[in-house]
Amino acid sequence: MYGLMMKTPLLTSSLIAYAADYHGDTEIVSRTVEGPIHRYTYAQAQARAKRLANALLGLGVRRGDRVATMAWNGYRHIELYFGISGLGAVCHTVNPRLFADQIVYIVNHAEDRFIFADLTFVGLLETLRDRLRPVEGYVVMTDPAHMPATSLPNAICYETLIGEQPEAFEWPALDEDLASGLCYTSGTTGNPKGTLYSHRSTVLHSFSCCTADHPLAASCREVILPVVPMFHVQAWGIPYAAALAGAKLVLPGPRLDGESLHELMERERVTMAAGVPTVWLGLLQYLADTGKTLDHLDNLIVGGSAPPLSLIEAFEGDHGIEVVHAWGMTETGPVATTGRLKRKFQDLPLEARHKIKLKQGRALYGVEMKIVDDAGHSLPHDGKTAGQLMVRGPWVASAYFGDEAASAAAFDAEGWFATGDVMTMDPDGYIHITDRIKDLIKSGGEWISSIDLENAATDHPEVAEAAAIAIAHPKWGERPLLIVVRRDGAEVTGAQLRAFLAAKVAKWWLPDEVVFVGELPHTATGKVSKFELRKRFADHVLPDAR
Ligand code: AMP
């Protein structure tokens, strides 16, 4: 017997319509590429998203067409998120930090018909335009006063484009399983792979973001600053979730340095901010250098890569701000776990609580998780046994867009997605990453976790950043090399660092050598590029093999 309840489709347009109707005067504040701060309301955002939808129809955009964006976090990008998907087209957020060849690949693979770009990226697109075959025209996200002379074909100014359009537009009643957004993962090998979000997955992910134990726990009482870019995994879904909650949004535009973030956080009374560890380390450094404080921030969400313990200690201990750890991937919607502590852990001593917070969190409702060995057998949840994390759920990808080979490799017959992350899971369900499968170091037949080594190294007060990679070794197969960036003015030596590590990791894990560099290479999404490091140190010979 079926229930007798309405089958209202879950659509992204319903999120902005709700925000406009019930939180119509709540603000969206943006630092613009042009410089000044822009502020308006959800009601105005929806009105302009509707004008944009009319403009897109005028350009000939139809349901299912891919329309790309290359833009910072700002109000016009919000209009594109809702306007493109609300119409039934697919909002393809292109990450401008990818290598040029990767951008060319994904725009061609996605068959983007138009690209909407911030002023910052006009020059980049001009160098690529002849290779971006399917693109019929470019829209520069600015006003006529700032419209540059450009060699981009069929270039239009955003404000001119939507300025001519009526506000009247009925969001169409779409099938909730239609695609709403497209994001490619950078990948360190092979071509980038596309995750095609649906309206349903996006709305369910947004609901999840508004539950009390979610890292975001979005509500209309919060002022949320997504530092994580809207061109990378939809800024962790925050633009859509904030609309569902009716939360005030603060968008940092291109300025992600400590000083600019601090200024925006204090002026707009930001209560919750989300970003990768690198960004928060920059903010911490700024606070330490200036003695300034954060008077409104309650929660700091960190994810995308593993935060060092020192980050959690500094924000919680020195600044009284709760750090909440989250794990996710482009393919998982993206947020799949929450690091919020269970009730039984809340009275533990600080050190014990921080130890739990260092873990990547536990599955959110809706996301199923298991860890498996090489043969695909489930492993115990004892907090010790490590295996590959497999996930499935209503906002997890079921295949890659237009890539059968990559899909066959990543999705199994029971619908589980193989994450490539090696994890332990404890009896309470908290997962702890030990490595990416391809980054593990195998020494004498046993695994060494590069992430554990790196975390132990960054606990040293004079280490700014560290990466461990495998170097071929005649006796052991592979041995770890630790590549370190010292903090400004620090003088720590390799021997001192090895002695420091000796108290933290097994003796046979100690890196054979520590190399100091000025900076580490990063991927387009701000993670240390092990791929680049392995290339750079491909011919490196360790001391005892020299
Ligand atoms: P992306 O799809 O670009 O967001 O990258 C996803 C990958 O980032 C995951 O598979 C992890 O390897 C890594 N990652 C995400 N969140 C975390 C976290 N909290 N700690 C450690 N690694 C993470």
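Cut-offs applied
- Residues numbered from 1 in each chain as written.
- Predicted model: local features only at pLDDT ≥ 70, side-chain atom pairs only at ≥ 80, totals over all residues.
- Heavy atoms only, no water.
- Pairing = 2+ DSSP bridges.
- Helix = DSSP H or I, 4+ residues; strand = E, 2+ residues; numbered from the N terminus.
- Axes fitted to C-alpha atoms, helices over the stretch in contact; angles between N-to-C directions.
- Near = heavy atom within 4 Å.
- Polar contact = N/O pair within 3.5 Å; in protein donor to acceptor, adjacent residues only side chain to side chain.
- Areas by Shrake-Rupley, 256 points an atom, 1.4 Å probe, with all protein chains shown as cover.
- Domains from an automatic or database assignment.
- Contact = heavy atoms within 4.5 Å.
- Buried area = accessible area lost by both parts, 1.4 Å probe.
- Salt bridge = Lys/Arg side-chain N within 4 Å of Asp/Glu carboxyl O.
- Nonpolar A, V, L, I, M, F, W, Y, C, P; charged D, E, K, R; others polar.

(A) Representation of the sheet that holds strand β3 (residues 66-70) in the model. Here we have 7 strands laid out as an open sheet, ordered β7-β6-β5-β3-β4-β8-β9, and mixed in their pairing. Edge positions in the open sheet fall to β7 (155-157) and β9 (193-198), since each of these has one partner strand only. Across the sheet, the mean angle from the axis of one strand to that of its neighbour is 25°, orientation sign disregarded. The pairing of strand β5 (residues 112-117) with strand β6 (residues 137-140) spans 4 bridges and is parallel. Residue pairing across strands places F114 opposite G137, the latter belonging to β6.

(B) Region of the structure containing the site of the ligand. The environment of the ligand is made up of 17 residues, and the closest members are H325, A326, T330, D421 and R436. At a separation of 2.9 Å, an oxygen atom of the ligand approaches a polar side-chain atom of R436. Summarising the interface, the protein chains cover 92% of the accessible area of the ligand, which totals 490 Å² for the free molecule.

(C) Local environment of the side chain of T419. Its location among the elements puts T419 in strand β19 (residues 417-425). Within the local environment of T419, its side chain forms a polar contact with the backbone oxygen of L389, the two atoms lying 2.6 Å apart.

(D) Quick peek at the domain arrangement of the protein chain. One can read the domain layout of the protein chain as domain 1 (12-254), domain 2 (367-436) and domain 3 (441-545). Each of domain 1 and domain 2 was reduced to a C-alpha centroid, and the two centroids are 30 Å apart. On the side of domain 2, 9 residues touch domain 1, which itself brings 14 residues to the contact. Of the roughly 950 Å² buried at the junction of domain 1 and domain 2 (both faces included), carbon and sulfur atoms supply 70%. Area buried by domain 1 at its contact with domain 2 is led by H109, K193 and G194, which between them contribute 39% of it. Inspection of the region where domain 1 meets domain 2 yields 0 salt bridges. Counting across the domain 1 and domain 2 interface gives 2 residue pairs in polar contact (both at pLDDT 80 or more). The element contributing the most residues to the side of domain 1 that touches domain 2 is helix α7 (residues 199-209), with 5 residues. Residues of the side of domain 1 that touches domain 2, tallied by class, amount to 5 nonpolar, 6 polar and 3 charged.

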